[in-house]
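# Observations on the model geometry
One-letter residues, chain by chain:
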Amino acid sequence: MKPSNYKIKIDRFKFRAMLGLLLLLAASCNTADDYVSLVPEEGEERSGGNATSFIFSPDAFGFSVDGLSLDEQITFGVGNSLFNQNWVTAPASTTARDGLGPFFNARSCSGCHFKDGRGRPPAFEGELAHGLLLRLTLPGTGANGGTIPDPIYGGQFQDNSILGVDKEGVLKVTYETVGITYPDGSSVDLQKPIYEMVNLNYGAMNSAVQVSPRVANQMIGLGLLDAIPESVLLSYEDESDADGDGISGRANYVYDVESASLKLGRFGWKANQPTVKQQVAAAFSGDLGITSSLFPDENCNETLNCDEIANGGSPEIPDDNLDNVAFYSATLSVPARRDFDNEEVLQGKELFHSINCSGCHIATFQTGTSNITALSNQTIRPYTDLLLHDMGDALSDNAPEFKATGNEWRTPPLWGIGLIKTVNDHTNLLHDGRARNIEEAILWHGGEAETIKNNFMDLDKDDRAKIIKFIETL
C-alpha cells in the first residue's frame, strides 16, 4: 500500500466499522416495520454481471457465460466433454483419454465436481469419498517455496489404483460431537471429523506427516475471480489489523509453473494456485494421476517400477486439451440470486453487514480486462476477498502452504451456496464438509471471525434465521 493512500484507507475502515456498529445497535431493536423501506440494489440479482445464468435446475452450475464467440463455444463444449468423461488405464483404443493413475482419487473431473458442483465427505463408514481428499505434507519448505510431500505416499493420499497395482490404502472418517449453546438457551450439535488412513499397502507413513482435508468446491465463476485486478484484492489486505476490527486478511503468494515465479494465489482452499489453468493441471495430476506439461511426473512410489507401468503419453493430457478444460472451467456462469427482493432476505442482508460478515465476504467487485472478452468489466458479487484469514484452532489443519499457516484459509466465495442442495443433494460446507448447513458453518468460525460469530450468536432466533435465509439466496 502506498503511504499516500494510508490515511484514506484507515478513514474508510473507521467509517465502515462505525457504520457496522450503528447498524448492529439498530438491528437489536428493529421491528418488522423498521425494515419496510429496504430495497435491493440495482442489478443485485446478477451475481456474475452479464456472466449470470437464470436456470435453477440440478444443472444450474453447468452453463457457459453469455457472449462467447462461436469458436469459444466450441472450446467450451470440448472442455465440457473432457471434464465429464472417465479416463481409462493405458494402453487403450481411446488414446486421448488413457493414462489414468497408477494411483488416483477419481476417474474424471466430475467424479469430484459432480454437475460442476461441490463434493462431500463420506456419509457413512465404508462409503467412498465423493470429492474429499487428504493432502499430505511434512514440516518445512520444499521446492520453490512450496510443501514437502510424504516420501512414500506423496503429496496426496490416493485410495484408488489401476488393475494390478495395490491402492495406497483406505480413508476412514469418524466424527465427534461438539455441542454449542446460544445465549438464548437453544443449542446445536456440530460434528468434528477425525481422519485415519488405514490398511496402508506401502509401509508406514512418516510420523510427522501433516494431513489437510480438502473437499471439491463448485466450479462457477472462476474466470471472473481471475479477472479481478490484483491491486483491488491487495487493497483489502490489513495484515497488522490497522483498523482494529480484528480482521487481518493477507494474500498468499504461490509458485506459478508457467512463469517460474511467485504470483498471487487466488484458487484453492488456501489460495494455493495462481491461475485456473494451474488449478486444473494440479487436479489432473493429484486427483486422476494424469500428467501434463505443467506437472509431468507420475504419481508413483519407490516400491513400484513405474517404468513398467504403461502410460498415456508424455504428457498424458496435451496442452490443447488442458487449455480446453481450463477454458471450460473459467467460463462456467454464476446462477442469479433468487428471492433477492424478499423482505426477510433484505433484512438478513442488513444484519449480515451489520455484524461484519462482509469484513471478509466482500460483496461487490469490478472485473478488469480478461483475455476472455465476456468476463471483462463486469460488476460481480462473489462475497469473498480471496485473502487468507486465521479461522482459529478448531478449523486448523496445521499444514502451512506457501505463506498460509495451518490456521489460515482463503475466504470462500458464497455465490451459488444456496443451490448446492439442488445440484448435489447435500448442504455440506467448509473446507472438509464438516458443516452440514450454513448455521453450522458459521458456528465453526473462530480466530479473526470469533467476534463476528459471537455477534451472530447474540442475535435472537428470528434474526439468525434471516441471515441464513439471505445467504441461501446467494
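Within each chain, residue numbers correspond to sequence positions counted from 1 in written order. pLDDT decides what is reported in this predicted model: residues at 70 or higher carry local features, side-chain atom pairs at 80 or more are listed and counted, and totals for whole chains, interfaces and linings draw on all residues regardless. No hydrogens and no water enter the side-chain calculation; it runs on all heavy atoms of the structure.

## Section: unusual backbone geometry
- Cis geometry marks the peptide bond from Gly101 to Pro102; its omega dihedral reads 15 degrees.
- As for its position among the elements, Pro102 is in the loop between helix 2 (70-84) and strand 2 (103-104).
- The residue after Ser314, namely Pro315, is reached through a cis peptide bond having omega 5 degrees.
- Relative to the helices and strands, Pro315 is located in the loop between helix 5 (276-288) and helix 6 (319-330).
- Of note in this structure, Lys115 is not a glycine but carries a positive phi near 55 degrees.
- Positioned with a positive phi, Asn199 is a non-glycine residue whose angle comes to about 55 degrees.
- Helix and strand definitions follow DSSP, with helices as H or I runs of at least four residues and strands as E runs of at least two, each counted in order from the N terminus. Locating Asn199 in the fold gives a position in the loop between strand 7 (187-198) and strand 8 (210-215).
- Given the relative accessible area of 58%, Asn199 is considered exposed. Think of it in three bands: with a 1.4 Å probe and only protein chains considered, a residue is buried below 20% of the maximum accessible area for its type, exposed above 50%, and partly exposed in between.

## A few points about the pattern of salt bridges
- The rule for a salt bridge is simple: a side-chain nitrogen of Lys or Arg has to be within 4 Å of a carboxyl oxygen of Asp or Glu. Evaluation of the coordinates by the stated rule reveals 20 salt bridges.
- Between Arg337 and Glu44 there is a salt bridge whose closest N-O contact spans 2.7 Å. Taken together, the positions of Arg337 in the loop between strand 11 (334-335) and helix 7 (343-354) and Glu44 in the loop between helix 1 (3-27) and strand 1 (52-53) put the pair 293 residues apart, joining distant regions of the chain. Taken as a pair, Arg337 and Glu44 share a single burial class, namely buried.
- Here Arg266 makes a salt bridge to Asp226, at a shortest N to O gap of 4.0 Å.

## Things to note about the side chain of Asn428
- Along the polypeptide, Asn428 turns up in the loop between helix 8 (420-424) and helix 9 (438-443).
- Relative accessible area serves as the criterion here: at 12%, Asn428 is assigned to the buried category.
- Should any heavy atoms of two residues lie within 4.5 Å, those residues are considered in contact. With residues up to four places along the chain from it excluded, the contact list for Asn428 reads Arg118, Arg120, Pro121, Gly433, Ala435 and Arg436.

## So, the packing of helix 5 against helix 6
- Close contact between helix 5 and helix 6 brings their axes to 9 Å; oriented N to C, the two are set at 115 degrees. Regarding helix 5 and helix 6, the two cross each other, and that crossing is right-handed. Along its contact with helix 5, which presents Val276, Lys277, Val280, Ala281 and Phe284, the element helix 6 presents Leu322, Asp323, Val325, Ala326, Ser329 and Ala330.
- Class assignment for the residues of the contact of helix 5 with helix 6 results in eight nonpolar, one polar and two charged. In this analysis an axis means a line fitted to C-alpha atoms, helices contributing only their contacting stretch, and an angle means the value between N-to-C directions, from 0 to 180 degrees. Rotating anticlockwise by less than a right angle from the far helix to the near helix defines a left-handed crossing, while the corresponding clockwise rotation defines a right-handed one. Amino acid classes used here: Ala, Val, Leu, Ile, Met, Phe, Trp, Tyr, Cys and Pro are nonpolar; Asp, Glu, Lys and Arg are charged; the rest, including Gly, are polar.

## Some points on the packing of helix 7 against helix 11 (residues 461-472)
- Direction vectors running N to C along helix 7 and helix 11 enclose 100 degrees, while the axes themselves pass 7 Å from each other. Classified by the angle their axes make, helix 7 and helix 11 are roughly perpendicular. Contact with helix 7, carried on its side by Glu344, Val345, Gln347, Gly348, Lys349, Leu351 and Phe352, involves Asp463, Lys466, Ile467, Lys469, Phe470 and Ile471 of helix 11 and no other residues of that element.
- Broken down by class, the residue content of the contact of helix 7 with helix 11 amounts to six nonpolar, two polar and five charged. For this classification, under 35 degrees means roughly parallel, over 145 means roughly antiparallel, 65 to 115 means roughly perpendicular, and everything else is oblique.

## Some words on a nonpolar patch on the surface
- There is a patch of nonpolar side chains on the surface, built from Leu70, Ile74 and Val78 and spanning about 280 Å² of accessible area.
- Note that Leu70 resides in helix 2.
- With relative accessibility at 61%, the residue Leu70 sits in the exposed group. Each patch is assembled from residues with relative accessible area greater than 30% and no salt bridge, linking like charges that lie within 9 Å and nonpolar side chains (Val, Leu, Ile, Met, Phe, Trp, Tyr) that lie within 5 Å. In this description, accessible areas are obtained by the Shrake-Rupley approach with a 1.4 Å probe, and a residue is regarded as covered only by the protein chains that are shown.

## Concerning the state of the cysteines
- Only a pair of cysteine sulfur atoms within 2.5 Å counts as a disulfide in this structure description. The full count for this structure, using the stated rule, is one disulfide.
- Across a sulfur-sulfur distance of 1.2 Å, Cys300 and Cys306 are joined as a disulfide pair. One disulfide, between Cys300 and Cys306, carries an S-S torsion of -65 degrees and so falls in the left-handed class.
- For Cys300, a relative accessible area of 26% puts it in the partly exposed group.
- Between Cys357, a cysteine without a disulfide, and Cys360, which holds the nearest cysteine sulfur, the sulfur-to-sulfur distance is 9.1 Å.
- Cys357 sits in the buried class, given a relative accessible area of 16%.

## Details of the nonpolar core
- Here, nonpolar core means buried Ala, Val, Leu, Ile, Met, Phe, Trp, Tyr and Cys residues that are tied together by side-chain atoms lying within 4.5 Å of each other. The biggest cluster of nonpolar side chains holds 100 residues, and the ones touching the most others in it are Phe284, Phe352, Ile417, Phe456, Ile467 and Ile471.
- Residues within four places of Phe352 in sequence aside, it is in contact with Cys357, Ser358, His361, Tyr383, Leu414, Ile467, Phe470 and Ile471.

## Details of the environment of Glu316
- Topologically, Glu316 is positioned in the loop between helix 5 and helix 6.
- A relative accessible area of 2% means that Glu316 is categorised as buried.
- In contact with Glu316, not counting residues within four places along its chain, are Trp87, Asp98, Gly99, Gly289, Ile290, Thr291, Glu298 and Asn311.
- Within the local environment of Glu316, its side chain forms a polar contact with the backbone nitrogen of Gly312, the two atoms lying 3.1 Å apart. Residues adjacent in sequence count toward polar contacts only when both atoms are side-chain atoms; beyond that, a polar contact is any pair of N or O atoms within 3.5 Å, and within protein one must be able to donate a hydrogen and the other to accept it.

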